[in-house]
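This is what each chain is made of:
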Amino acid sequence: MSGPVSVYAGKLAVLYEGQGDVCLFRQLAERLDVPLRSVGTADFGGQEAFFLSWRDGCLKLLDRELLKAGGLMVEVEPRAGEQRSWPAPKQGPLAQALGRKTQTVVDATTGWGQDALHIFRMGYELTCLERSPVMAELLADGFRRLAELDWTQRLGLVPPRLIRGDAIAILTNLDSRPDCIYLDPMFPPKRKKSALAKKSMRVLRDLLGDDQDKEQLFEAAFKAAGKRVVVKSPDYAEPLGGKPNESFQGKLLRYDVYLKS
C-alpha cells in the first residue's frame, strides 16, 4: 500500500545547480517530500512547474520563467518609501489599523512576509504563522538573513517568531491573547488573469491556490484576539467579517478593523 501523496506532487522540486552543500538541498527535498533535481543531469527532466533553490545565499522560489532570472525570495530590507530607522514611525493605514496601543501582533497569514516585516520594523512584538510548508521554508530563510543584518545585530533585535502549521488550529490553542491578529488571506483576483498582479503573488497563487477557509480563519482569529482583528482586503472584496468598526484605505486595498467589545 503506497503512502500519502505529497501536496506538491508534480508541482514542485528542489533544484541543485552545482553550488553549495548538496546535503542541504537533499534535506529540504525530504522535509517537503518532493524530488531533488540537478541541473545538467538526466534527472532534470521532471515536469514540475516550480523549484526551490539556494542562490546568492538566499532560498528562492522559481518557476520555469525564473530559472535564468534569479527567483523570488523573502525580502528582508525595507521596501521603497519605508523608514530604515528602528522602530519605524507608526504611520500610514496599516499602522492606523493595528492601533497605537497595540503591542503584540500575530500575523496569521504571513505569506511573503512583507507586511509582517513592516510590522516588525515598527516595533511591535510579532509572531508569524504560516501553513504552507514552502512559504515556511522561505520565511525561515528570510528571518535567518534578517538576524544577520548589521542593524538587527547592533540593536540586539530578535526576528519574529515563526510557527509552522494551520493557523486556525494554532489560534485555537494560543497560550495568551495577542492584542491584534492580522489577516491577509488570498482573495480570488478581480479578473481571471490579472496582468497587474505581482509576480510573487501569481507564483504563490499558482502553487497554493486561493484561501478557501477565510471565513473560518476570521472566526478563529476573532475568538483568539485580545483587542482587535485587522483584515487586509483588495478594495473590490466584500468585508470578510461583515461591517467593520473602522476601515483604513490604502492603494487598491483597505484594512478593515474589528474591535472586541
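Since this is a predicted model, take the numbers as computed values, not measurements.

(A) Spatial organisation of the confidence of the model for the protein chain. Taken residue by residue, the protein chain gives an average pLDDT of 87. The fraction at 70 or more is 88%. Within the model, pLDDT remains below 50 along residues 1-5, and this stretch shows one contact once partners closer than five positions in the same chain are excluded.

(B) Focus on helix H8 (residues 214-224). Burial in H8 covers these residues: Lys214, Leu217, Phe218, Ala220, Ala221 and Ala224. Viewed along the axis of H8, the buried residues span an arc of 165°, placing them on a single side of the element. The inward-facing, buried residues of H8 contact helix H6 (167-172), strand S8 (180-183), strand S9 (228-234) and strand S11 (253-259).

(C) Region of the structure containing the side chain of Ser233. Within the fold, Ser233 resides in strand S9. Judged by relative accessible area, which is 1%, Ser233 ranks as buried. Apart from residues lying up to four places away in sequence, Ser233 is in contact with Phe187, Leu253, Arg254 and Asp256.

(D) Inspection of the environment of Lys60 at higher detail. On the secondary structure map, Lys60 appears in strand S4 (residues 58-63). When residues no more than four places from it in sequence are discounted, the contact partners of Lys60 are Phe51, Leu52, Ser53, Arg55, Gly70, Gly71, Leu72, Met73 and Leu138. A distance of 3.4 Å separates the side chain of Lys60 from the backbone oxygen of Gly70, its partner in a polar contact.

(E) Examining the packing of helix H1 (residues 22-32) against helix H4 (residues 133-148) more closely. Between H1 and H4, the shortest axis-to-axis distance is 10 Å and the interhelical angle comes to 145°. Our pair here, H1 against H4, has a crossing hand that is right-handed. Residues Leu28, Arg31 and Leu32 of H1 form the contact with H4, whose own contacting residues are Pro133, Val134 and Glu137. When its residues are assigned to classes, the contact of H1 with H4 shows four nonpolar, no polar and two charged.

Thresholds applied
- Residues numbered from 1 in each chain as written.
- Predicted model: local features only at pLDDT ≥ 70, side-chain atom pairs only at ≥ 80, totals over all residues.
- Heavy atoms only, no water.
- pLDDT = per-residue confidence, 0-100.
- Contact = heavy atoms within 4.5 Å.
- Buried < 20%, exposed > 50% of the residue type's maximum accessible area, 1.4 Å probe, protein only.
- Helix = DSSP H or I, 4+ residues; strand = E, 2+ residues; numbered from the N terminus.
- Arc of directions from axis to C-beta.
- Polar contact = N/O pair within 3.5 Å; in protein donor to acceptor, adjacent residues only side chain to side chain.
- Axes fitted to C-alpha atoms, helices over the stretch in contact; angles between N-to-C directions.
- Left-handed = near helix turned anticlockwise from the far one by under 90°.
- Nonpolar A, V, L, I, M, F, W, Y, C, P; charged D, E, K, R; others polar.

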